[in-house]
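# A structural walkthrough
So the chains spell out like this:
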Number of protein chains: 2
Amino acid sequence: MTPTDRVRVGVLASGGGTNLQALIDATADPSHPAELVVVGADRHKAHALQRARDASIGTFVVLKRDHPDRASFDRAIVEQLQAHGVQWVCCAGFMKVAGPPLLEAFPQRILNIHPTLLPAFPGLRPHEQVIEAGVRVSGCTVHICDEGTDTGPIVAQAVVPVLPDDDVQQLQARVLRMEHRLYPMVLRWAAEGRLQVRDRTATVHLRNGESTTLFGTDV
Amino acid sequence: MTPTDRVRVGVLASGGGTNLQALIDATADPSHPAELVVVGADRHKAHALQRARDASIGTFVVLKRDHPDRASFDRAIVEQLQAHGVQWVCCAGFMKVAGPPLLEAFPQRILNIHPTLLPAFPGLRPHEQVIEAGVRVSGCTVHICDEGTDTGPIVAQAVVPVLPDDDVQQLQARVLRMEHRLYPMVLRWAAEGRLQVRDRTATVHLRNGESTTLFGTDV
């Protein structure tokens with residue numbers, strides 16, 4: 001695959017960006033079918049921006065306070081992504097739900113990762129929710145974004161045990177290790193055109209040995 | 001462990017009773033800390049009754065239509081269980097939620113198994129719900145019964161992959177194989193006094209190598 005064949009991907013982040021780093025590391029190999037071309041944030045202090053600069057990836061910042069409403073904010077993000085020729089978008093700790101302008105500009109082409117086994121425990125404080133519920137398994141989910149909070153078609157999930165004395169930090173760390181495996185895997189499928197959505201169901205054209213379920217029995 | 005030391009267990013069922021069979025098989029070993037002493041059903045035709053007779057386990061049937069209300073029905077079940085000296089109750093495909101008379105007679109001592117990863121997909125048609133949601137993992141949950149439908153404290157869970165072309169029967173069969181491992185394991189903990197509930201949280205005093213999470217990567 002020559003560099004010009006690679007699918008151009010933009011990442012949206014708000015925070016530290018360890019999932020961004022996993023995507024940077026995976027796509028650093030020029031044979032990976034996706035190329036990260038820009039990282040956008042809604043905060044100047046998002047550490048994700050520094051990770052992007054360290055990897056010589058372009059960056060932009062769009063601030064909510066610079067826009068009269070949410071649609072205007074979303075359109076500004078779309079303009080930045082389109083200016084970089086982005087074809088797929090990965091949300092990586094981006095703390096806003098994609099609004100209509102983003103969804104319409106990248107139909108079924110915005111991925112998000114959430115650190116629970118959706119549809120269980122969507123939204124904020126996911127690991128706290130998991131521990132309070134007393135469940136024995138958790139994990140993470142990569143899904144296509146829709147207008148809801150963590151409600152879009154599920155592409156792949158990874159599972160980990162919840163151990164008896166887990167606190168939020170321990171559980172979060174265990175799930176993160178699976179997030180860092182799962183997200184680059186799904187981005188590969190997306191970039192290779194093997195991920196389709198129909199009737200709100202995501203289908204991956206899997207090759208031998210691939211699975212949309214990862215088991216984190218060793219993390 | 002001498003036979004008289006074994007914890008006396010009653011099983012409630014409505015249908016075929018493959019989970020009952022798994023419990024029968026596990027407790028057939030006289031060194032198992034639990035002994036099945038009676039199987040009750042709310043239908044004369046429940047195949048579980050035949051499984052019990054085949055294993056020389058006592059049976060009873062309590063019919064809803066013979067009772068003026070649900071509390072009376074529940075009290076009749078309690079009387080039967082108490083007449084057999086039952087200490088723990090296992091619901092195995094019992095199609096009724098335990099009412100107050102049962103819960104009060106066996107406080108925190110009624111187990112149930114549900115074929116999803118609770119709190120996701122409680123209630124009826126669980127596998128249909130799972131497939132419609134497009135999730136990539138499912139499994140089963142053993143929990144302590146409370147007044148709700150599949151809402152009580154979770155004791156242990158087993159996970160399996162949901163494969164791309166799964167129909168309900170395939171998924172059900174895969175989950176059942178894990179149910180048959182999970183339920184006898186939890187009953188052992190209960191009978192050994194290693195399962196406690198406090199503040200709606202179930203805790204198991206695990207021994208080396210034990211886990212409240214089973215991974216069905218091989219089923």
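Here the structure is shown first, and the text comes after it.
Computed from a prediction, not measured in an experiment: that's the story for all the values here.

## Thoughts on the overall build of chain A
Scanning chain A for helices and strands turns up 6 helices and 10 strands. Since a compact globule built from 219 residues should have a radius of gyration of about 17 Å, the 17 Å found for chain A is in line with a globular shape. Seen through its principal axes, chain A has C-alpha atoms that stretch 50 × 45 × 40 Å. Looking at the 219 residues of chain A, the share that counts as buried comes to 54%.

## Some remarks on helix α2 (residues 47-54) of chain B
All names here are of chain B. Every buried residue of α2 is listed here: Ala48, Leu49, Arg51 and Ala52. Each buried residue of α2 lies within a common arc of 160° when the element is viewed along its axis, so the set occupies one face. Its buried side turned inward, α2 meets β1 (7-13), α1 (18-27), β2 (34-41) and β3 (58-61). Looking one or two places after α2, you find serine 56, whose phi comes out positive at around 60°.

## What about the sheet that holds strand β3 (residues 58-61) of chain A?
One key point about sheets: their strands pair by backbone hydrogen bonds, in either a parallel or an antiparallel sense. Residues and elements named next belong to chain A. Strand order across the open sheet formed by 8 strands is β3-β2-β1-β4-β5-β6-β7-β10, with mixed pairing between neighbours. Two strands close off the open sheet at either side, each with one partner strand: β3 and β10 (213-215). Direction aside, the axes of adjacent strands within the sheet are offset by 20° on average. Here 4 bridges tie strand β5 (residues 110-114) to strand β6 (residues 137-144), and the two strands are oriented antiparallel to one another. Paired with asparagine 112 across the strands is histidine 143, a residue of β6. Of the strands in this sheet, β1 (7-13), β2 (34-41), β4 (88-91) and β5 touch helix α1 (residues 18-27), which is tilted by about 155° from β2.

## A look at the pairing of strand β9 (residues 201-204) of chain A
All names here are of chain A. Only one face of β9 is buried, namely the one carrying Ala202 and Val204, since none of Thr201 and Thr203 on the opposite face is buried. Two elements, strand β8 (residues 195-198) and β9, share 4 bridges in a ladder whose sense is antiparallel. Looking across to β9, one finds that glutamine 196 is bridged to threonine 203. In this antiparallel pair of consecutive strands, β8 and β9, the connection spans 2 residues, and aspartate 199 shows a positive phi of 50°.

Cut-offs applied
- Residues numbered from 1 in each chain as written.
- Chains lettered and ligands numbered in written order.
- Predicted model: local features only at pLDDT ≥ 70, side-chain atom pairs only at ≥ 80, totals over all residues.
- Heavy atoms only, no water.
- Helix = DSSP H or I, 4+ residues; strand = E, 2+ residues; numbered from the N terminus.
- Rg over C-alpha atoms; globule rule 2.2 N^0.38 Å.
- Buried < 20%, exposed > 50% of the residue type's maximum accessible area, 1.4 Å probe, protein only.
- Arc of directions from axis to C-beta.
- Contact = heavy atoms within 4.5 Å.
- Pairing = 2+ DSSP bridges.
- Axes fitted to C-alpha atoms, helices over the stretch in contact; angles between N-to-C directions.

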